[in-house]
Amino acid sequence: MIYAIAIDGPAGAGKSTIAKILAKELELIYVDTGALYRTIGYYVTSQGIDTADTEAVVAALDGLKVELKYVEGVQRVFANGEDVSDLIRTPAISMAASAVSAIPAVRAYLLDTQRSIAATHSVVMDGRDIGTVILPDAKIKIFLSASPESRAQRRFDELQAKGDPATYEEVLADMIKRDYDDSHRAIAPLKQAEDAIPVDTSGETLEQSVARMKEIVYKKLAE
Ligand code: DC
């Protein structure tokens, strides 16, 4: 039987790290939907398009093919055949992804890619609107959050490990703006589905959060 686990929540709550671990343990495919919006943000920026220019962003979609591929179980994302998986992980592309994600045509463009994977495989899918819009019938829905400070600290640590020069204050300010924009946009805003289980990971170690999530998932799967 095919089933889906939908994990939504703001940036830096630990969605992707936890989803990857769950996917491995339960032998599911992990789908990072943020990577799709990041790819569009990256592509339009690399074309010299301002992400605030909605018409130009929408026009650029005609020349873009976004594909997800799984290499030894790890998701890679391609823009017109180029593997951009590593290029999309910068603070500038985080903001560009958030900006383009508020455009209805961008969300419509990515809808099929997300639904078709879940129609043919059991998945753990993370994003902002998975439980509310993309997979409203997901067997398990979790809304993962944490305080802005603890989320910014995690993202800052990740960026530092990659040698990115962003300061903690910049990361926190970007995160607060991105959460605000993602939660207040008119289409598919970040919001907890009515039937989602809320999990707050503030102050928890990764091991603690994973243990808690596993408990929720196994309990739900046994129902
Ligand atoms: O999860 P992430 O930080 O990689 O996502 C980047 C941006 O993409 C995020 O700020 C909002 C957008 N996004 C979205 O609107 N819907 C999703 N399902 C996933 C991401």
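Up top is the structure.
The residue count restarts for each chain, going from 1 along the sequence in the order it is written. This being a predicted model, a pLDDT of at least 70 is required before a residue's local features are given, and a value of 80 or more before pairs of side-chain atoms are given or counted; all residues contribute to the totals for chains, interfaces and linings. Remark: hydrogens and water are excluded; side-chain values derive from all non-hydrogen atoms of the structure.

(A) Focus on the site of the ligand. One heavy atom within 4 Å of a molecule or strand makes the whole residue count as near it. Around the ligand, 15 residues are found, and the nearest of them are R38, R107, R178, D182 and R185. One nitrogen or oxygen atom from the side chain of T33 is found 3.0 Å from a nitrogen atom belonging to the ligand. Two N or O atoms count as a polar contact when they lie within 3.5 Å, although within protein this holds only if one can serve as hydrogen donor and the other as acceptor, and sequence-adjacent residues are included solely when both atoms are side-chain atoms. With respect to the ligand, the side chain of R107 contributes an N or O atom lying 2.8 Å from an oxygen atom. Per-residue and other accessible areas follow the Shrake-Rupley method at a 1.4 Å probe size, with only the shown protein chains counted as cover for residues. Protein coverage of the free-state accessible area of the ligand, which is 440 Å², stands at 96%. Strands here are runs of E lasting at least two residues and helices are runs of H or I lasting at least four, both read from the DSSP assignment and numbered beginning at the N terminus. Those elements that provide at least two residues to the shell around the ligand are α2 (34-46), α4 (91-101) and α8 (168-184). Counted by class, the shell around the ligand contains three nonpolar, five polar and seven charged residues. Residues were grouped as follows: Ala, Val, Leu, Ile, Met, Phe, Trp, Tyr, Cys and Pro as nonpolar; Asp, Glu, Lys and Arg as charged; and all remaining residues, including Gly, as polar.

(B) Structural view of the pattern of salt bridges. Whenever a carboxyl oxygen of Asp or Glu lies within 4 Å of a side-chain nitrogen of Lys or Arg, that contact is scored as a salt bridge. According to the stated counting rule, one finds 14 salt bridges in the structure shown. For the salt bridge of R185 with D182, the shortest nitrogen-to-oxygen distance reads 3.8 Å. D182 shares its class with R185; the two are buried. Connected through shared salt-bridge partners, R76, D83 and D86 make up one network. Buried residues are those whose accessible area, probed at 1.4 Å on protein chains only, stays under 20% of the maximum for their type, while exposed residues exceed 50% and partly exposed ones sit between those limits.

(C) The arrangement of the side chain of R128 in detail. Checked against the element boundaries, R128 lands in the loop between β6 (123-127) and α6 (130-134). Relative accessible area serves as the criterion here: at 15%, R128 is assigned to the buried category. The contact criterion used is simple: two residues touch if any of their non-hydrogen atoms lie within 4.5 Å. The contact partners of R128, leaving out residues within four places of it in the chain, are D8, G9, P10, A11, K15, R178, D182, R185, P189, L190 and K191.

(D) Structural view of the packing of aromatic side chains. Two aromatic rings, drawn from Phe, Tyr or Trp (for Trp, its six-membered ring), form a pair once their centres lie within 6.5 Å of each other, and the interplanar angle then sorts them: stacked below 30 degrees, edge-to-face above 60, tilted otherwise. For the structure shown, the criterion picks out one aromatic pair. Aromatic pair F156 and Y168: ring centres 6.2 Å apart, planes at 85 degrees, arrangement edge-to-face. Note that F156 is positioned in helix α7 (residues 148-161) and Y168 in helix α8, a separation of twelve residues in sequence. F156 gets classed as buried once you look at its relative accessible area, which sits at 14%.

(E) Geometry of α2. Expected helix span is taken as 1.5 Å per residue step, with the number of steps being one fewer than the number of residues. Compared with the 18 Å implied by 1.5 Å per residue over 13 residues, the 18 Å span of α2 between its first and last C-alpha is a close match. With ten of 13 residues buried, α2 is to be regarded as a mostly interior element. Considered for burial, the residues of α2 that qualify are A35, L36, Y37, R38, T39, I40, G41, Y42, Y43 and V44. Phi turns positive, to about 80 degrees, at G48, one or two residues after α2.

(F) The arrangement of the nonpolar core in detail. Put simply, a nonpolar core is a bunch of buried Ala, Val, Leu, Ile, Met, Phe, Trp, Tyr and Cys residues held in one set by side-chain atoms that sit within 4.5 Å of each other. In this structure, I40, V44, V77, V106, V123, M125 and L135 are the most contacted members of the largest nonpolar core, which totals 35 residues. Look past the residues within four positions of V77 in its chain and what remains in contact with it is A35, L36, T39, V66, E67, L68, E82, D83, V84, S85 and I88.

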